[in-house]
Amino acid sequence: MRVLVTGGAGYIGSHTAKELARAGHEAVVLDSLQRGHRWAVRWGPLVEADLADRERLRQIFHEFGVDAVLHFAAFAYVGESMQAPAEYFRNNVVNTLNLLDDMCEAGVRQIVFSSTCATYGNPERIPINEKTLERPVSPYGESKLMVERALAWYGRAYDLSWTALRYFNAAGADPEGELGEAHDPETHLIPLALAVAHGDASFLQVFGSDYETPDGTAVRDYVHVTDLACAHVRALCRLAHGGSSGTINLGTGRGCSVREVIAQVERITGQEVPTRACPRRVGDPPVLVAEASLALRELGWVARHSSLEEIVETHWRWFTRSHSPV
């Protein structure tokens, strides 16, 4: 298949483009490069464009003969979304509607959507399955849920086949060292902890040490980015073979606290990571852990690279390589 990968110059999108190529498909990367990286596009052509540009989007579908879409392009910072909800709804929702409209116009009927566990908000029960009530507590989570609901209605009205992959905390780096995480600003725990271990920062801020968790810090289900990439390719192939539309969680079913992550970073790097306690961040639930049996049943997917040790090891290799003096 020739697959349009929106946001394919970003963290998860670039890893998925590599996985598409490994599976024998062709990736066409669409990215505005506002937050993506040109160097991350290595498995297929880069088309520098924005989903707000409807005319350019129509040209891309016509020029490349796209068979299906993997949709990653979005703003994805919870804290930022609390400060700038208009930007998040405009970019994540309105621009996705542009994409869906031009897909339908071009006769492209299959899309895998990069969604998030942030749609669940503060869940009443852990682990979280796909039937858990969606109650987002941030504009980011709300924007993703709005797209999921639009997909369902487009499916009914326009015969669009779709899968929304609600993944938990993406982490790690390409085991072969070709790709990794490079956000600016960086807000994710593991790269921030590695920066302290590397000597790029003097301490790590720990947002919330009074949660009702075993050690008082927030607990998250970390999933290796390569595992996420594999799931997207499997979901796409499932739709191509007539699979039904719907949402699927991607997680390990295991939660790791902030303090557990810090301890693993210290073990892998051999360096101390000093911390500073800070108030909780608005929009951060205490615990997010997946129940991911549906992914096994529907996609034949399990997280094979997602031990905390492998996540930190691969990220540390990437971190030290990308921060090495030229």
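Predicted, not measured: the structure shown is a model, and the values here were computed from it.

This paragraph deals with unusual backbone geometry. Following isoleucine 126, the chain continues into proline 127 via a peptide bond in cis, with omega recorded as 0°. Despite not being glycine, leucine 33 has its phi angle at roughly 65°, a positive value. Mapped onto the fold, leucine 33 is located in the loop between β2 (26-31) and β3 (46-48). For leucine 33, a relative accessible area of 18% gives the class buried. Positive phi, normally seen in glycine, also occurs at aspartate 159, with a value near 60°. Structurally, aspartate 159 can be placed in the loop between α5 (139-158) and β6 (161-167).

Turning next to the layout of surface pockets. Of the pockets and cavities examined, the second largest pocket occupies roughly 220 Å³. Together, 13 residues line the second largest pocket, and Glu181, Ala182, Glu186, Phe319 and His323 are the ones closest to its centre. Broken down by secondary-structure element, the contributors of at least two residues to the lining of the second largest pocket are α6 (189-198) and α10 (308-322). Here the lining of the second largest pocket gets four residues from one element, more than from any other, and that element is α10.

Moving on to empty space enclosed by the protein. Per the stated rule, a full pass over the model turns up one cavity of 30 Å³ or more. Roughly 60 Å³ of volume is contained in the largest cavity. In terms of lining residues, the largest cavity is bounded by Ala9, Gly10, Tyr11, Ser14, Arg35, His37, Trp39, Ala40, Gly180, Ala182 and His183. Looking at the lining of the largest cavity, its residues break down into five nonpolar, five polar and one charged.

Of the positions making up helix α2 (residues 54-64), those classed as buried are Leu57, Ile60, Phe61 and Phe64. Here the buried residues of α2 occupy an arc of 95° about the axis, which is enough to place them on one side. Looking at the buried side of α2, the elements it contacts are β1 (2-6), β2, β3, β4 (68-71) and α4 (85-106). One or two residues past the end of α2 sits glycine 65, with phi positive at roughly 60°.

Turning next to the environment of phenylalanine 75. Note that phenylalanine 75 resides in the loop between β4 and α3 (78-83). When the C-alpha atoms of phenylalanine 75 and serine 143 are compared, they prove to be 9.7 Å apart, with 68 residues separating the residues in sequence. Not counting the four nearest positions on each side in its chain, phenylalanine 75 is found in contact with Gln34, Arg35, Glu80, Glu87, Tyr88, Asn91, Asn92 and Tyr140.

The next subject is helix α8 (residues 258-269). Side chains of residues three or four places apart in an α-helix project in the same direction, reflecting 3.6 residues per turn. Here α8 is twelve residues long and its end C-alpha atoms lie 17 Å apart, about the 16 Å a rise of 1.5 Å per residue gives. Looking only at α8, the buried set comprises Val258, Val261, Ile262, Gln264, Val265 and Thr269. All buried residues of α8 lie within an arc of 160° about the axis, which places them on one face of the element. Those residues of α8 that are buried are in contact with α6, β8 (204-207), β10 (222-224), β12 (256-257), β13 (275-278) and α10. Where α8 terminates, the next one or two residues include glycine 270, which has phi positive at roughly 75°.

Scoring rules and cut-offs
Residues numbered from 1 in each chain as written. Predicted model: local features only at pLDDT ≥ 70, side-chain atom pairs only at ≥ 80, totals over all residues. Heavy atoms only, no water. Helix = DSSP H or I, 4+ residues; strand = E, 2+ residues; numbered from the N terminus. Buried < 20%, exposed > 50% of the residue type's maximum accessible area, 1.4 Å probe, protein only. 1 Å grid on protein atoms, 1.4 Å probe; cavity = no way out; pocket = protein on both sides within 12 Å on 5 of 7 lines; lining within 4 Å. Points joined across faces, edges and corners; volume = space filled by probe spheres on them. Nonpolar A, V, L, I, M, F, W, Y, C, P; charged D, E, K, R; others polar. Arc of directions from axis to C-beta. Contact = heavy atoms within 4.5 Å. Expected span 1.5 Å × (residues − 1).

Fair warning: the whole summary comes from geometry, so function is off the table for now.
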